[in-house]
Amino acid sequence: MQNVLFFGAIGFYKRDYFRFGLEKLSKKYNIYFIDLTNLFNKKFFIKEHSRFYKTKKLLKVNSFKEFKKILIKKKFVCAFDLSSQNNNLNMFRKAINENNIKLVNYQTTLVPEFKRNIILKIKFFLRILLNNKELVFYYIKKLFNFNRVNKNNKISFLYDYYFCGGIKGYFNKDKMHRGTKIVYGNSLDYETFLDEKKSRIISNERFLLFVDQYLPYHNGYKNRNIPPFVSAKKYYDSLNRFFKFLEYKLDAKVVISAHPRSNLKVNKVKFKNRKIIDYKQTQRFISKSLAVINYTSTAMGFAVIHKKPIIFYTTDEINNSHDAYHVKFLSNHLGSALTNVDDTFSYERNFDKLLLVNEKKYKKYFNNYICHLKSKKETNFKKIIKILKKNNR
């Protein structure tokens, strides 16, 4: 069988093995995964590598020189880039070009890009200066790394394929050659929907689904030395009051979709023994829910697919943090309700607006970020197989 490479700097977990379709591809090709967090995010690697998916196909690389040796030895047919926005990997992409391996920009999840204008940038700076001095040091450190990142931007390489999951897929013309092909596909959320389309939940419960992002404890912030922008007690107290309000008004339960890296015991306590489901069941539960309660999770794509109301939420702490305005941007994008769970009067007064769906904005979001109009509803797996067959060695 021919060898195929997937690479990135995002870690490699069991869920990645399935959501990237590697299990299916392994039946036809030798699939390898190279995770480069060992080189570019050492702190993350040290904390997380014990949780990585245990497989001989996960190759650890200790240097750029070692990476080049693997390319020569394995003679990969194609290399799928899962971290295309990370410029630290540019020298690795160039090495793939130099070894005549087809390089694929694999855009797995598209979301609206939140950009702060000059006014928001000033507000942002003042807020972190007044409310989160620890974060100031994080950005000072980033400035010192700017020259290194800028240097990586100048490394020349080209993609042979752009795998695009929506109209808003990004294309860098400087990274394309005359023969570069654009493959129109689906987001990972839509692929999950297609896989689970016929599955059913045997339940007569009326419920809303809360998509947990584990905000007070998320290791994505810890590993980048970004202080959490919510305090656990205040955050969970406010959420539980809001849940109780919704449960009373709608005669329904709030079910918790656990974050993949969260602690089940912590969740049980923090969410007052509410029902907690595994993140792998998120799509199916959203399909049967009354509404989805969400902060900024990409799982909102499932709500769009199933045309379920999305209740975006914020808190006073979030509104005074480095993440302020992001959730408001998303709620505006979808025409969905945004409520401050610290403000009881506000969500009681605006209850009638919480379960509205803006069908026009949902449809636009679906085409822009979930399923490209030109995808012909064919699965990504079939499209990947076509790419590999065209590049038989």
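What counts and how
- Residues numbered from 1 in each chain as written.
- Predicted model: local features only at pLDDT ≥ 70, side-chain atom pairs only at ≥ 80, totals over all residues.
- Heavy atoms only, no water.
- Helix = DSSP H or I, 4+ residues; strand = E, 2+ residues; numbered from the N terminus.
- Buried < 20%, exposed > 50% of the residue type's maximum accessible area, 1.4 Å probe, protein only.
- Contact = heavy atoms within 4.5 Å.
- Areas by Shrake-Rupley, 256 points an atom, 1.4 Å probe, with all protein chains shown as cover.
- Pairing = 2+ DSSP bridges.
- Axes fitted to C-alpha atoms, helices over the stretch in contact; angles between N-to-C directions.
- Salt bridge = Lys/Arg side-chain N within 4 Å of Asp/Glu carboxyl O.
- Parallel < 35°, antiparallel > 145°, perpendicular 65-115°, else oblique.
- Left-handed = near helix turned anticlockwise from the far one by under 90°.
- Nonpolar A, V, L, I, M, F, W, Y, C, P; charged D, E, K, R; others polar.
- Phe/Tyr/Trp six-rings, centres within 6.5 Å; stacked < 30°, edge-to-face > 60°.

## Thoughts on the overall build of the protein
Helices and strands together make up the secondary structure of the protein, namely 20 helices and 13 strands. Scored against the burial criterion, the 393 residues of the protein give a buried share of 52%. Across the protein, every contact between residues at least 6 apart in sequence was considered, and the portion connecting residues at least 24 apart equals 74%. Surface summary for the protein: the accessible area is close to 20,700 Å², and the carbon and sulfur share equals 52%.

## Topic: the sheet that holds strand β8 (residues 207-211)
Here we have six strands laid out as an open sheet, ordered β10-β9-β8-β11-β12-β13, and parallel in their pairing. The sheet is open, and its two edges are formed by β10 (276-277) and β13 (337-340), each paired on a single side. Sheet topology places β8 next to strand β11 (residues 292-294); two bridges connect them, and they run parallel. Within β11, the residue paired with F210 across the bridge is I293. Running at roughly 160° to strand β12 (residues 310-314), helix α17 (residues 326-334) makes contact with β12 and β13 of the sheet.

## Re unusual backbone geometry
Positive phi, normally seen in glycine, also occurs at K75, with a value near 50°. Tracing the chain through its elements places K75 in the loop between α5 (64-74) and β4 (78-81). For K75, a relative accessible area of 58% puts it in the exposed group. Even without a glycine there, the phi angle at N100 is positive, about 55°. Within the secondary structure layout, N100 lies in the loop between α6 (90-98) and β5 (102-106).

## Concerning the pattern of salt bridges
Applying the stated criterion across every chain, the model contains 10 salt bridges. In this structure, D195 engages K24 in a salt bridge whose closest nitrogen and oxygen atoms are separated by 3.5 Å. Within this pair, whereas D195 is found in helix α10 (residues 188-195), its partner K24 is found in helix α2 (residues 22-25), the two being separated by 171 residues in sequence. Across the salt bridge formed by D237 and K233, the nearest N and O atoms sit 2.8 Å from each other. With a gap of four residues between them, D237 and K233 both fall in helix α12 (residues 232-250), about one helical turn apart.

## Some remarks on the packing of α5 against α6
Two numbers describe how α5 lies on α6: the axes approach to 10 Å, and their chain directions differ by 25°. Looking at the two axes, α5 sits roughly parallel to α6. α6 is crossed by α5, and the crossing has right-handed handedness. Where α5 approaches α6, its residues F64, F67, K68 and L71 are matched on the opposing element by M91, F92, A95 and I96. Partitioning the contact of α5 with α6 into residue classes produces seven nonpolar, no polar and one charged.

## Re the environment of D343
When you line up the elements, D343 lands in the loop between β13 and α18 (344-349). With relative accessibility at 33%, the residue D343 sits in the partly exposed group. Between the C-alpha atom of D343 and that of F242, which follows or precedes it by 101 residues, the distance is 9.3 Å.

## Considerations on the pairing of strand β6 (residues 159-164)
With six of six residues buried, β6 lies mostly within the body of the structure. By the bridge criterion, three bridges tie β5 to β6 in an arrangement that is parallel. For N105, the partnering residue across the bridge sits in β6 and is Y162. Of the pairings in the sheet, the one linking β6 to strand β7 (residues 176-184) comprises five bridges and is parallel in character.

## A look at the packing of aromatic side chains
Considering all chains together, one arrives at 35 aromatic pairs under this definition. Seen from their ring centres, F12 and F33 are 4.1 Å apart, and the 25° between their planes marks the pair as stacked. On the criterion of sequence distance, the pair formed by F12 in the loop between β1 (3-8) and α1 (14-19) and F33 in strand β2 (residues 30-35) is long-range, its members being 21 residues apart. Assessed through its relative accessible area of 2%, F12 is described here as buried. Taking 5.7 Å as the distance between ring centres and 45° as the angle between the ring planes, the aromatic pair formed by Y295 and Y313 counts as tilted. Taken as a pair, Y295 in the loop between β11 and α15 (300-305) and Y313 in strand β12 lie far apart in primary sequence, 18 residues in all. Per residue, the accessibility class of Y295 equals that of Y313, and both read buried. The structure contains a cluster of three or more aromatic residues connected by ring pairs, namely F210, Y214, Y217, F229, Y235, Y236, F243, F271, Y295 and Y313.

## Here we look at the environment of I72
Position of I72 among the secondary structure elements: in helix α5. You can call I72 exposed: its relative accessible area is 54%. The spacing of I72 and I96 is 24 residues in sequence and 9.6 Å in space, taken between C-alpha atoms.

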